[in-house]
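As a plain string of letters, each chain reads:
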Amino acid sequence: MSVLVDKNTRLLVQGITGHEGLFHTTQMAAYSDIVVGGITPGKGGEWVLDGKLPVFDSVKQAKESTDANASIIFVPARFAPDAILEAADAGIPLIICITEGVAVQDMMRVRSYLDQKKVRLIGPNCPGLLTPGEAKVGIIPGNIAIPGNVGVVSRSGTLTYEVLYAMKNLGMGASTCVGIGGDPVNGTNFTDVLEMFENDTKTEKVIMIGEIGGSEEERAADYIRTKMTKPVASFIAGQTAPPGKRMGHAGAIIEGGAGTAADKIKALEAAGVKVAKHPEEIPTLF
Amino acid sequence: MSVLVDKNTRLLVQGITGHEGLFHTTQMAAYSDIVVGGITPGKGGEWVLDGKLPVFDSVKQAKESTDANASIIFVPARFAPDAILEAADAGIPLIICITEGVAVQDMMRVRSYLDQKKVRLIGPNCPGLLTPGEAKVGIIPGNIAIPGNVGVVSRSGTLTYEVLYAMKNLGMGASTCVGIGGDPVNGTNFTDVLEMFENDTKTEKVIMIGEIGGSEEERAADYIRTKMTKPVASFIAGQTAPPGKRMGHAGAIIEGGAGTAADKIKALEAAGVKVAKHPEEIPTLF
Amino acid sequence: MKLHEYQSKTIFSKYGIPIPKGRVAATPQEAKQIADELGGRVVVKSQVLVGGRGKAGGVKLANNSIEAEQLATQILAMEIKGLPVRKVLIDEASAIDQEIYFAITDDRSAKRPVIIASAAGGVDIEEVAHKNPEKIVKVHIDPLLGMREYIARDVALAIDLPREYWRDFTKLAMNLYEVYKKSDASLAEINPLVITKDKKLVALDGKMLIDDNALFRQPEINEMRDTDADAPSEIEARKYGLSFIKLEGNIGCMVNGAGLAMTSMDVIKLFGGEPANFLDVGGGASSEKVAAAMRIILTDPNVKAILFNIFGGITRCDEVAHGILKAMDEVKPKIPMVVRLVGTNAEEGRKLLESANMITAETLADAAKKSVEAAKKGK
Amino acid sequence: MKLHEYQSKTIFSKYGIPIPKGRVAATPQEAKQIADELGGRVVVKSQVLVGGRGKAGGVKLANNSIEAEQLATQILAMEIKGLPVRKVLIDEASAIDQEIYFAITDDRSAKRPVIIASAAGGVDIEEVAHKNPEKIVKVHIDPLLGMREYIARDVALAIDLPREYWRDFTKLAMNLYEVYKKSDASLAEINPLVITKDKKLVALDGKMLIDDNALFRQPEINEMRDTDADAPSEIEARKYGLSFIKLEGNIGCMVNGAGLAMTSMDVIKLFGGEPANFLDVGGGASSEKVAAAMRIILTDPNVKAILFNIFGGITRCDEVAHGILKAMDEVKPKIPMVVRLVGTNAEEGRKLLESANMITAETLADAAKKSVEAAKKGK
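Computed from a predicted structure; not experimentally measured.

### With respect to the overall build of chain A
Summing up its helical and strand segments, chain A has 8 helices and 14 strands in all. Taking the principal axes of the C-alpha coordinates as reference, chain A spans close to 55 × 40 × 30 Å. Restricting the contact set of chain A to residue pairs at least 6 apart, pairs at least 24 apart contribute 73%. Total accessible area on chain A is roughly 9,700 Å²; 50% of this is exposed by carbon and sulfur atoms. Across chain A, the 27 positively charged side chains and the 32 negatively charged ones have centroids separated by 2 Å.

Shown next as structure tokens:
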């Protein structure tokens with residue numbers, strides 16, 4: 001077992017004929033045999049990857065033809081909210097939105113709609129999922145991680161790669177790595193994933209990679225303190241970020257002293273979590 | 001036990017200071033001691049019924065003060081959708097909307113919102129509920145029914161009174177009478193209530209009063225056939241209504257031959273339901 | 001409330017849905033002038049609030065403005081299913097490649113809006129729906145989320161719309177949903193939605209029904225009401241907020257509640273009578289309303305007896321009795337009247353009516369029987 | 001994106017929210033003229049995109065137009081928190097009975113909009129929030145359902161708003177939600193919302209933040225951008241879609257991903273260095289973007305070394321290497337550069353950079369250490 005994706009995942013790619021979509025479809029398909037098709041409205045009937053993957057006009061049509069159980073989104077930001085809704089309406093139970101730059105109010109509406117359905121959204125603005133050796137669903141480079149028993153969850157993209165890479169260099173493998181994305185309004189938060197890891201037989205330890213802004217890390221600390229039995233190690237990015245400055249799309253705004261790295265680290269340490277000084281140190285903390 | 005309302009109901013009245021609201025509050029309070037207060041925005045702090053019932057400005061405030069568990073709505077049609085939403089947002093689990101003439105698209109939006117919450121809406125355009133001897137929640141005259149073991153559910157208002165009155169004249173009592181209302185988009189349908197009666201220990205037999213239009217009676221027949229163990233008797237109004245004519249606010253439109261009285265009677269009889277020729281005959285069918 | 005084709009299409013156009021060039025005319029001369037403006041080749045379309053105009057000869061093609069004038073003369077003299085034609089729409093003629101059916105309406109069972117579409121649009125759509133239901137596509141819309149482009153694409157796919165029209169179709173579907181929502185329509189229908197030979201999507205015909213309960217916030221649409229199709233008694237009834245439908249029998253009915261009103265008709269028939277009308281005085285009827293209802297019933301010369309069946313709830317029997325007395329005072333009816341009052345304030349009501357010379361009944365069956373007998377005597 | 005007070009209030013007014021009469025002026029002469037038009041007694045308000053204007057002396061009351069001119073002269077010469085005042089808003093002075101705080105903003109935790117209100121509005125609202133959090137009312141809004149009148153009434157009740165203002169307040173709350181929604185605001189704030197002595201509700205001040213990700217559908221608001229508050233390098237960065245913030249240190253950073261960029265800064269500090277900037281080249285950065293990023297970093301004369309930390313994912317290391325080479329070709333930098341490429345196409349990237357004279361590193365810690373050393377030597 002692993003979390004969310006494995007070798008039985010049947011993945012659709014929304015925006016499969018686009019520049020990014022096609023590049024990462026190639027990478028995902030090369031990693032393992034989970035991609036079953038893609039969607040680009042107006043290009044239904046075409047094929048990509050040398051005729052190996054069919055393109056459909058709509059998610060509904062693609063789902064009916066391929067019996068897909070997950071969909072990953074690579075469309076431009078202004079089309080991403082509808083892409084998520086389309087996948088949800090087509091009955092896809094797991095949606096991963098890689099796209100960054102989605103408008104916040106759009107995501108609030110999408111989130112309110114998804115909350116009514118049995119749909120799990122990962123992202124947007126996230127690197128996706130990686131269950132090493134089984135399924136690469138997203139843009140995490142496949143060769144930087146090896147199979148193992150450590151669950152990894154992160155708000156960041158490339159910072160996650162650092163940690164996976166450091167783990168691999170120490171011979172430490174991951175059960176599943178989940179990039180939940182850095183946007184303020186997203187589909188899945190730390191606590192959701194910690195709960196999955198707690199219940200996953202293949203996961204024995206957990207690494208959580210947070211950053212300044214918001215209060216998800218504090219809530220996760222609460223969950224770890226009260227519910228988790230497995231050991232957790234962590235790193236919080238932005239420990240030296242000047243207050244009041246906006247550090248990019250991650251929505252990392254320090255508002256009125258809340259959400260600082262110091263606050264988060266304090267909450268995590270109080271929950272028994274070991275917090276690293278730099279990302280390459282994390283795997284050594286268990 | 002009975003269904004939905006009993007002597008433990010703590011009822012609010014939305015629109016309590018209006019003409020209809022005040023009249024029926026008086027009637028409900030005279031029947032039993034279940035009304036705990038009412039709401040008219042702008043009149044908070046006043047009292048009605050000779051200082052016995054407090055008036056609040058909002059449902060939230062009223063709920064906090066009275067610990068109410070139900071609310072009945074007597075406000076004009078254009079304000080009724082928001083009155084329902086207000087009660088739902090205030091955490092009232094049972095909302096009864098008496099108001100008739102609510103716009104259909106408003107009700108579709110309200111219904112879509114309520115579907116996300118654990119809220120039971122009865123109506124709109126309904127006579128409400130009566131658990132004889134315990135609780136009168138609505139406009140069904142209290143003196144036309146006696147306590148008993150027959151559950152009554154109906155789309156109609158005054159036609160329901162006919163049946164309760166005929167039952168009483170035969171010495172037959174009701175467990176609870178539920179008027180679900182005649183509007184095309186409402187909160188609770190026949191099947192919902194049949195299920196409650198099936199599970200209610202006090203109810204031994206059921207009377208279902210339908211009318212032409214829509215297909216709720218057909219669905220109810222399906223439920224009765226496959227799930228119900230208790231005997232059901234029925235009457236369908238509009239057996240002689242000319243096709244294609246709109247018979248008032250009940251939304252009783254006959255569309256393309258569907259929803260005729262003949263269709264409904266056929267479906268019910270196929271489910272083992274005895275269907276009466278006129279309403280006063282129903283109680284004699286068990 | 002029903003809208004005429006020309007009214008519906010004006011609304012469509014306001015929301016960016018392409019319609020043919022055209023204007024409405026009340027006289028053949030106007031029709032000719034409009035046809036001249038449009039270049040001569042036009043369609044002359046009767047504007048009546050019933051279906052089946054085409055099959056009744058109410059829609060004709062004119063090759064030039066002289067022909068348009070002649071056809072307008074002819075059509076403006078017609079009656080279609082009993083309704084006089086007062087106006088004709090003169091539309092530029094279109095060269096048509098395909099006729100599509102496309103509508104948004106309330107799905108009462110699903111409690112949400114539904115798109116209904118078919119590649120086989122046109123006058124025979126009802127037959128298609130009956131014989132080839134698989135050719136009809138239905139897709140629901142979440143009323144809080146509204147119409148989305150992918151829903152329109154799913155519909156386009158399902159009706160095999162050629163890909164070159166997807167973009168226009170998507171836009172049109174979004175716009176038709178706005179029409180439906182902003183106008184509080186219970187139906188916004190385009191039949192046919194045509195693909196023209198010069199490769200355009202055009203709403204050739206349009207039909208809208210508006211939710212009467214939402215007219216309070218639709219002042220512009222309320223202004224469009226055409227009462228030509230209604231019997232005068234129905235117009236009068238609407239003025240007082242009464243639900244009234246004239247029928248062919250001889251027993252006038254006044255009942256509170258639509259279900260009970262239909263039931264009263266059923267029971268009259270069960271005992272061998274024929275109701276002269278459906279009349280629901282509504283909940284909480286005032287004496288003014290009741291008096292108006294009685295006047296309306298009595299304008300029908302066929303009526304030989306009246307059955308009053310009032311089961312008080314939100315309606316109070318004493319109010320109803322006041323109304324009856326008031327109307328009797330005004331109209332001084334000569335026909336027998338059967339009255340049955342039960343429920344809220346029934347006692348007070350009965351007392352008020354003691355002075356009037358009325359037949360009373362205890363049960364509904366009894367009341368129906370007595371009114372059938374009274375009507376037979378009245379003949 | 002931040003809007004000025006006068007811009008926010010113009011938008012408020014467009015949506016029916018009452019604001020004081022007033023206009024913006026860029027010169028003392030204009031200020032005088034506007035004050036004359038408004039009858040003399042006005043408030044002169046500096047328009048700068050930072051908080052605390054009032055406490056800095058940037059908001060002053062003038063009793064007549066001569067005073068207004070003098071105050072405008074004085075304020076237009078000011079710098080507030082390092083920002084020059086280029087414009088002043090001249091508003092009719094109001095006689096105030098009560099100051100209320102009223103705002104709608106994104107609640108990131110709840111994933112929905114939230115109303116924030118307090119009877120204790122005005123300049124000290126942050127202190128109120130800190131010391132008397134019970135005086136702050138928060139009510140969430142379902143983004144699909146939108147604002148409802150009863151929500152506004154609940155807020156009015158919670159802040160003890162006198163009943164006579166409920167109707168106006170409800171309307172204002174509905175309108176402010178429209179402002180928030182239609183403008184894609186992340187904040188629409190009225191502080192203070194005043195009750196005037198002549199018993200009116202007026203938005204005396206206004207502040208709006210707009211979601212940068214939604215500017216593509218807000219062309220009018222995009223036009224309002226005032227870049228006065230931004231460093232030229234930040235403006236240049238925005239042009240290329242780069243997230244860039246100038247800091248005080250001497251090690252330039254170019255990283256892909258905001259989290260990794262912050263982390264790189266953290267690690268530089270951990271090893272005793274000081275980052276000169278935050279720079280996220282974003283996902284899938286092109287060589288043009290990378291070249292622009294490098295040019296921007298090099299415009300800062302404090303920069304003594306650059307750390308490139310690229311972990312390829314959606315970004316490809318070879319693209320980045322191309323960008324670096326391109327920029328080096330143009331700018332010919334003299335300072336040491338530490339480069340670390342890992343992930344997608346890292347091998348290709350490293351090969352491309354072999355010709356350039358760069359310090360390479362394997363781990364992030366190693367890269368940070370080397371750049372700290374390089375910067376020390378560079379001094």
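Still to come is the rest of the account.
### Comments concerning the overall build of chain C
Helix and strand counts for chain C stand at 13 helices and 19 strands. C-alpha extents for chain C along the principal axes are approximately 75 × 50 × 40 Å. By the burial criterion, 56% of the 379 residues in chain C qualify as buried. Pairs at least 24 apart in sequence give 69% of the contacts found in chain C among residues at least 6 apart. Accessible area of chain C: about 15,900 Å², with a carbon and sulfur share of 49%. Within chain C, the 53 negative side-chain charges are centred at a point lying 1 Å from the centre of the 52 positive side-chain charges.

### Focus on the state of the cysteines
Following the criterion strictly, the structure yields 0 disulfides over all chains and no others. Between C126 of chain B, a cysteine without a disulfide, and C97 of chain B, which holds the nearest cysteine sulfur, the sulfur-to-sulfur distance is 7.1 Å. Free cysteine C253 of chain C: the closest other cysteine sulfur is in C317 of chain C, separated by 17 Å.

### Observations regarding the pattern of salt bridges
Residues and elements named next belong to chain C. Going through the model one piece at a time under the given rule, you end up with 74 salt bridges over all chains. Residues D184 and R217 are paired through a salt bridge, measuring 2.7 Å at the closest nitrogen-oxygen approach. Linking D184 in the loop between helix 6 (166-182) and strand 11 (185-196) with R217 in the loop between strand 13 (207-210) and helix 7 (219-222), this pair joins segments that are 33 residues apart in sequence. The partner of R295 in a salt bridge is E330, and the shortest N-O contact between them spans 3.2 Å. Residue R295 is located in helix 10 (residues 287-298), and its partner E330 is located in helix 11 (residues 317-331); the two are separated by 35 residues in the primary sequence. Among the ionic contacts, a cluster of salt bridges with common partners joins E5, K9, K45, R53, D91 and D205.

### Some remarks on the packing of helix 3 (residues 80-89) of chain A against helix 4 (residues 104-114) of chain A
All names here are of chain A. Taken N-terminus to C-terminus, the directions of helix 3 and helix 4 make an angle of 10 degrees; their axes are 10 Å apart at the nearest point. When the axes of helix 3 and helix 4 are compared, the pair comes out roughly parallel. Residues P81, I84, L85, A88 and D89 of helix 3 touch helix 4, and the partners they reach there are D106, M107, V110, Y113 and L114. Taken together, the residues that form the contact of helix 3 with helix 4 break down as 8 nonpolar, no polar and 2 charged.

### Quick look at the interface of chain B and chain C
Accessible area lost during the coming together of the parts is what is often quoted as the interface size. In this assembly, 57 residues from chain B lie in contact with 52 residues from chain C. The contact between chain B and chain C buries some 4,400 Å² in all, and 58% of this surface belongs to carbon and sulfur atoms. Sorting the residues of chain B by area buried against chain C places Q105, M108 and T240 of chain B first, and these three jointly supply 14% of that buried surface. Close ionic contact of E216 of chain B with K111 of chain C constitutes a salt bridge, the shortest N to O distance being 3.9 Å. At the level of elements, helix 1 (19-31), helix 4 (104-114), helix 5 (158-169), helix 7 (216-227) and strand 13 (232-237) of chain B are the ones that each hand at least two residues to the side of chain B that touches chain C. At 8 residues, helix 4 of chain B tops the list of elements feeding residues into the side of chain B that touches chain C. Residue composition of the side of chain B that touches chain C, grouped by class: 26 nonpolar, 17 polar and 14 charged.

### Looking at the environment of T229 of chain B
Residues and elements named next belong to chain B. With respect to the helices and strands, T229 occurs in the loop between helix 7 and strand 13. As a C-alpha pair, T229 and E204 span 25 residues in sequence and 9.4 Å in three-dimensional space. Looking at T229, its side chain comes within polar contact range of the side chain of E198, at 2.6 Å.

### Remarks on the confidence of the model for chain C
Per-chain confidence: chain C averages 92 in pLDDT, with 99% of residues scoring 70 or above. The ipTM, which scores confidence in the relative placement of chains, is 0.92 for this predicted complex, and the corresponding pTM is 0.93.

### Overview of the sheet that holds strand 5 (residues 70-73) of chain B
Residue and element names in this part refer to chain B. Spatial strand order, 3-4-2-1-5-6-7: 7 strands in an open sheet with mixed pairing. With partners counted over all chains shown, the strands left at the sheet margins are strand 3 (47-48) and strand 7 (120-122), one partner each. As paired elements, strand 5 and strand 6 (residues 94-97) share 3 bridges and run parallel to each other. Of the residues in strand 6, the one forming a bridge with I73 is C97.

### Focus on helix 12 (residues 346-353) of chain D
All names here are of chain D. Among the residues making up helix 12, those that are buried are A346, G349 and L353. The buried side chains of helix 12 occupy one side of the element, clustering within an arc of 60 degrees when seen end-on. Its buried side turned inward, helix 12 meets helix 11 (317-331) and strand 18 (337-343).

### What about the domain arrangement of chain C?
All names here are of chain C. Annotation of chain C at the domain level lists domain 1 (1-20 + 95-229), domain 2 (21-93) and domain 3 (232-377). At the interface, 16 residues of domain 1 touch 16 residues of domain 2. Buried surface at the junction of domain 1 and domain 2, summed over both partners, amounts to about 1,300 Å²; 51% is from carbon and sulfur atoms. Its largest share of buried area at the contact with domain 2, domain 1 owes to Y6, P20 and D228, together 40% of the area lost on that side. As a salt-bridge pair, D205 and R53 come within 2.9 Å of each other at their nearest N and O atoms.

### Details of helix 3 (residues 80-89) of chain B
Residues and elements named next belong to chain B. With 9 of its 10 residues buried, helix 3 lies for the most part within the structure. Three or more residues of helix 3 are buried, namely A80, P81, D82, A83, I84, L85, E86, A87 and A88. Where helix 3 ends, the next residue or the one after it, G91, has phi of about 90 degrees, a positive value.

### A closer look at the nonpolar core
By size, the foremost hydrophobic cluster in this structure holds 144 residues, and its most contacted members are F102 of chain C together with F102 of chain D. The contacts of F102 of chain C, once residues within four sequence positions are left out, are I115, I116, A117, V155, F169, L172, A173, L176, A188, E189, I190 and L193 of chain C.

### Concerning the side chain of R316 of chain D
For R316 of chain D, the position within the fold is in the loop between strand 17 (305-312) and helix 11. E20 of chain A is the oppositely charged side chain nearest to the buried, salt-bridge-free R316 of chain D, at an N-O distance of 4.5 Å. In terms of polar contacts, R316 of chain D uses its side chain to reach the side chain of H19 of chain A, at 3.3 Å. Setting aside residues no more than four positions away along its own chain, R316 of chain D makes contact with H19 and F23 of chain A together with T344 and N345 of chain D.

What counts, and at which threshold
- Residues numbered from 1 in each chain as written.
- Chains lettered and ligands numbered in written order.
- Predicted model: local features only at pLDDT ≥ 70, side-chain atom pairs only at ≥ 80, totals over all residues.
- Heavy atoms only, no water.
- Helix = DSSP H or I, 4+ residues; strand = E, 2+ residues; numbered from the N terminus.
- Contact = heavy atoms within 4.5 Å.
- Areas by Shrake-Rupley, 256 points an atom, 1.4 Å probe, with all protein chains shown as cover.
- Lys, Arg positive; Asp, Glu negative; His and termini not counted.
- Charge placed at Lys NZ, Arg CZ, Asp CG, Glu CD.
- Buried < 20%, exposed > 50% of the residue type's maximum accessible area, 1.4 Å probe, protein only.
- Disulfide = S-S within 2.5 Å.
- Salt bridge = Lys/Arg side-chain N within 4 Å of Asp/Glu carboxyl O.
- Axes fitted to C-alpha atoms, helices over the stretch in contact; angles between N-to-C directions.
- Parallel < 35°, antiparallel > 145°, perpendicular 65-115°, else oblique.
- Nonpolar A, V, L, I, M, F, W, Y, C, P; charged D, E, K, R; others polar.
- Buried area = accessible area lost by both parts, 1.4 Å probe.
- Polar contact = N/O pair within 3.5 Å; in protein donor to acceptor, adjacent residues only side chain to side chain.
- pLDDT = per-residue confidence, 0-100.
- Pairing = 2+ DSSP bridges.
- Arc of directions from axis to C-beta.
- Domains from an automatic or database assignment.
- Core = buried A, V, L, I, M, F, W, Y, C linked by side-chain atoms within 4.5 Å.

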